[in-house]
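Geometric and topological summary
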Amino acid sequence: MFPFDKPAAPEDDGNQSLAVNTTDGSVVYDVAFALVWAEDGDTVDTRNEAYAFASCADCAAVAVGFQVVLIVGQTDVIVPENLSASANYNCVRCLTYALASQLVLTLDGPLSSDGMARLNALWQEIAAYGKDLQNQPLSEIQGRLSAYKEQIMAVIKADPNATPAGSAGTASTPGATPGATSGATPAATTGASTPGATPGATAGATPGSTQAPAPGPTGTAAPTGGTTSSGPSPGSSATVPAGQQLTQPAAPAPGTVSPAPASTAPPAP
C-alpha cells in the first residue's frame, strides 16, 4: 500500500503510536501514553515515537505518543529519542497528524507517599485525557501535553525526597544532561489531489488549528492505553502505560517511585 516500510515495533521500554488509515471517509486514532522508570546505573535510551500514514480520500490518521521517563539516582548514559513522522500516499482531501511528546527527569531519590499520591492522581487525569483524545481539537493537544509536563515537574520539585538533580530547565532536544529534558516533535500533512507520498515535518512543525474530521461510516479507532506493563525488578527499567494505578518499583538502594498504571509494591520509606 505504501512505498516505504512501516516502523519497527517498539522495544520493551519504548512507546509508539502508529495510525494507518486506508479507508475512505474514516478517521483513525492511535494514542500511546507511558511512564518509564530507570533505576540507578541503567542506560536510558528509550524511544518515544508517533507515526501517522494515510492512503484514502476524505480521511484522517492521527497518532500521539506521550512518554515520561523518570530516572532515580546517578546514570551515566542518557540518550532518549523522540520521533514523529506523518505521510500520505495517493491521498485525496486527507489529513495525517503525528505528535511525539517526551519528558525526561532525573530524581535524587524516591518520592514520599504524599508525592506519590499526587503523582498518581495526575497520571490518572492524563490517562483519561488520552482516552478522550479523539474529541480534542488537534490545535490544543500539544499545549495540553506541555501543561501536563509542567504539572509533573511541579509534583517532583515539591517533594524534598526526589527533587530533580541539577538544573530543572527544559531543552528542545533530549540529551545526557541531568535535571529535566522536555521535547515535542509534531508532524502534520494534508492530502494532495495528485498521487504521491508527502512526508511530514519531523521537528518544528506546528499542528495549526485544524480539527480532525468527524468519523465516517466506518467509525474511529479508539485510542489505546499505551504499551503493556510489567512490574519492574531491581536493576531494570519499567514501562507504565496510562490508565493504571501508579506504584513505585522496588529499588536497589534508596528505592524508586513510579506513577504508573502497573501495580507493584512501593518500597518502604
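On to the overall build of the protein chain, then. The number of helices and strands found in the protein chain is two helices and ten strands. When the helices and strands of the protein chain are listed from N to C terminus, the series reads β-β-β-β-β-β-α-α-β-β-β-β. A total of 269 residues make up the protein chain; the buried ones form 51% of that total. In the protein chain, of all internal contacts separated by at least 6 residues, the share reaching a separation of at least 24 is 74%.

If you walk through the whole model with that rule in mind, you get three salt bridges. Residue Arg 93 pairs with Asp 58 through a salt bridge whose shortest N-O separation is 2.7 Å. Here Arg 93 is found in strand S6 (residues 92–107), whereas its partner Asp 58 is found in strand S4 (residues 57–72), with 35 residues between them in sequence. Of the residues examined, Arg 93 reaches a relative accessible area of 55% and is grouped as exposed. Overall, the relative accessible area of 41% leaves Asp 58 in the partly exposed class. Through salt bridges with shared partners, a single network forms among Arg 47, Glu 49 and Glu 81.

On to the state of the cysteines, then. Tallying each qualifying case throughout the model produces two disulfides. Across a sulfur-sulfur distance of 2.0 Å, Cys 56 and Cys 59 are joined as a disulfide pair. In this structure, the disulfide formed by Cys 56 and Cys 59 twists by about 90° around the S-S bond and is classed as right-handed. Since its relative accessible area comes to 4%, Cys 56 is described here as buried. Using a relative accessible area of 1% as the deciding quantity, one classes Cys 59 as buried. Disulfide partner of Cys 91: Cys 94, at an S-S distance of 1.7 Å.

Turning our eyes to something else, we now look at the packing of aromatic side chains. According to the stated counting rule, one finds six aromatic pairs in the structure shown. Relative to Phe 53, the ring of Phe 2 lies with its centre 6.1 Å away and its plane at 50°, an arrangement referred to as tilted. With Phe 2 in the segment before strand S1 (15–21) and Phe 53 in strand S3 (residues 47–54), this residue pair connects regions lying 51 residues apart in the sequence. Three or more aromatic residues joined by ring pairs make a cluster, and in this case those are Phe 2, Phe 4, Tyr 51 and Phe 53.

What follows is about the environment of Arg 118. Turning to its location among the elements, Arg 118 is positioned in helix H1 (residues 113–131). With a relative accessible area of 41%, Arg 118 lands in the partly exposed category. Residue contacts for Arg 118: discarding those within four places in its chain leaves Val 155 and Ala 158.

Moving on: the pairing of S4. Within S4, 15 of the 16 residues are buried, which leaves it mostly tucked inside the rest of the structure. Taken together, the twelve bridges between strand S2 (residues 27–38) and S4 define a ladder with parallel strand orientation. When the bridges of S4 are listed, Ala 32 appears paired with Gly 65. Pairing geometry for S4 and S6, over 15 bridges, is parallel. Across the sheet, Gln 67 pairs through a bridge with Gln 102, a residue of S6.

Glancing now at the confidence of the model for the protein chain. Considering every residue of the protein chain, the mean pLDDT works out to 71; 61% of them sit at 70 or more. Low confidence marks residues 164–179, where pLDDT is under 50. Its contacts with residues over four positions away, or in another chain, come to 35 contacts. Counted against residues more than four places away or in other chains, residues 249–269, with its pLDDT under 50, gives 78 contacts.

If you trace the backbone, Ala 87 turns up in strand S5 (residues 81–89). Note on Ala 87: relative accessible area 8%, which makes it buried. Separated by 36 residues in sequence, Ala 87 and Tyr 51 have C-alpha atoms that sit 8.3 Å apart.

Rules of the game
- Numbering of residues starts from 1 in every chain and runs along the sequence as written.
- Owing to the predicted nature of the model, reporting of local features is limited to residues with pLDDT of at least 70; listing and counting of side-chain atom pairs is limited to 80 or more, with chain, interface and lining totals taken over all residues.
- Side-chain descriptors were evaluated using all non-hydrogen atoms of the structure, hydrogens and water having been removed beforehand.
- The secondary structure listing takes helices from DSSP runs of H or I that are at least 4 residues long and strands from runs of E that are at least 2 residues long, numbered from the N terminus.
- Using a 1.4 Å probe on the protein chains alone, a residue whose accessible area is under 20% of its type maximum counts as buried, one over 50% counts as exposed, and one in between counts as partly exposed.
- In this description, contact between two residues means that some pair of their heavy atoms is separated by no more than 4.5 Å.
- The rule for a salt bridge is simple: a side-chain nitrogen of Lys or Arg has to be within 4 Å of a carboxyl oxygen of Asp or Glu.
- Criterion for a disulfide: a pair of cysteine sulfur atoms within 2.5 Å.
- Think of it this way: a Phe, Tyr or Trp ring, Trp meaning its six-membered ring, pairs with another when their centres are within 6.5 Å, and the plane angle makes it stacked under 30 degrees, edge-to-face over 60, tilted otherwise.
- Criterion used throughout: strands pair if DSSP finds at least two bridges between them.
- Values of pLDDT, which run from 0 to 100, indicate the predictor's confidence residue by residue.

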